[in-house]
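So you can see what is in the structure, the chains are spelled out below.
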Amino acid sequence: MAVLDVLSPRTGRRYAHRTKPPMLVHLERATKLAPSGAVAFADLSLRIHAGQRWVVFSQERDSRSALLQCVAGLQQPERGSVTIRGHVSWPLGQLPGLSGKFSCAENSRFLLGIYGQRGHLEEELALVQELMGISREQWCGPFSKQPVDIKSSLKLALTLACDFDLYVINDTPLLAFRQSPRWKEPWQTLLERRLQTRAVLSSGVQPVAGLESGSRGLVLTEGKLAMKGPLEECQAYFEAQNSVKDNNWKRRKI
């Protein structure tokens, strides 16, 4: 696959001379603590190249969340380093930093001005409005006064309106939104188009549909890297690991 096919226009210009997909994110012996003080992950090294698809398996939600936050550049590890060289999304559907005082329109214009493609602001704003399908009053009203479903749809629409090199996906809010009445064909079509060639880091017990082919996996157990390799092998290892834990828990109850 050509380098520019797996990069957004924003990053593609920088790597136009390359013949191989560049590295987008590099974790080097990174250690991150969870809010509770427990180790979310320790001494973890990972390289994500353009076009690659990774799925993180872990029973500990803090481990999955911390890894996504670090890859997205929203948090820094306590030890080690995280180097970001591409245009990386925030965790899909979990957009931080929206102002409750601003309207949906004002928040969108601000975020797209930073993360969107230069010269395409009005097109991206129109796309967000089209996806959300809300009235002008809701679009221009204070974000804090909007219903929960509109707030959720704005966060997801803004993520999909931007063309990122690497999409960070927490499957929990995405799956929940897919079950809401607001999820319609345009959402699914755009999501599939965005993920078709871009790199993906997906977190969760159930991988996001469509990422199975050619994906890689990594399994975190009590903060340590237990396995890294083909998705099918990692998923089988993770399920077997959970089965052993469930059997041990049942024996303790007897």
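Residues numbered from 1 in each chain as written. Predicted model: local features only at pLDDT ≥ 70, side-chain atom pairs only at ≥ 80, totals over all residues. Heavy atoms only, no water.

### Focus on the pairing of strand 7 (residues 216-221)
Summarising burial for strand 7: 5 of the 6 residues are buried, a large majority. By the bridge criterion, 6 bridges tie strand 7 to strand 8 (residues 224-230) in an arrangement that is antiparallel. In the sheet register, leucine 220 faces strand 8, and the bridge partner there is leucine 225. Turn length for the strand 7-strand 8 hairpin, with the two strands adjacent in sequence and antiparallel, is 2 residues, and the turn residue glutamate 222 shows positive phi of about 55°. (Buried < 20%, exposed > 50% of the residue type's maximum accessible area, 1.4 Å probe, protein only. Helix = DSSP H or I, 4+ residues; strand = E, 2+ residues; numbered from the N terminus. Pairing = 2+ DSSP bridges.)

### Details of the domain arrangement of the protein chain
Domain annotation for the protein chain reports domain 1 (5-52 + 60-86 + 216-253) and domain 2 (104-203). Between the C-alpha centres of domain 1 and domain 2 there is a distance of 24 Å. Contact with domain 1, which involves 19 residues of that partner, is made by 17 residues of domain 2. Both sides together, the interface formed by domain 1 and domain 2 hides about 1400 Å², and carbon and sulfur atoms give 58% of it. When the area that domain 1 buries against domain 2 is broken down by residue, the three leading residues are Ser8, Arg10 and Leu68, summing to 34%. Where domain 1 meets domain 2, there are 0 salt bridges. (Domains from an automatic or database assignment. Contact = heavy atoms within 4.5 Å. Buried area = accessible area lost by both parts, 1.4 Å probe. Salt bridge = Lys/Arg side-chain N within 4 Å of Asp/Glu carboxyl O.)

### Quick word on the sheet that holds strand 2 (residues 39-49)
A sheet is described by the order of its strands in space; here 3 strands give the open sequence 2-1-4, paired in antiparallel fashion. The open sheet has two edge strands with one neighbour each: strand 2 and strand 4 (79-84). On average, adjacent strands in this sheet sit at an angle of 15° to one another, irrespective of strand direction. Bridge count between strand 1 (residues 23-33) and strand 4: 5 bridges; the pairing is antiparallel. Bridged to glutamate 28 within strand 4 is serine 81. Sheet strands touched by helix 2 (residues 61-71): strand 1, strand 2 and strand 4. Its angle to strand 2, the strand with the most contacts, is close to 45°. (Axes fitted to C-alpha atoms, helices over the stretch in contact; angles between N-to-C directions.)

### A look at unusual backbone geometry
Trans peptide bonds make up most of the peptide bonds, and negative phi angles are found at most residues other than glycine. For arginine 29, which is not a glycine, the phi torsion comes out positive at approximately 45°. With respect to the helices and strands, the residue arginine 29 is situated in strand 1. Since its relative accessible area comes to 53%, arginine 29 is described here as exposed.

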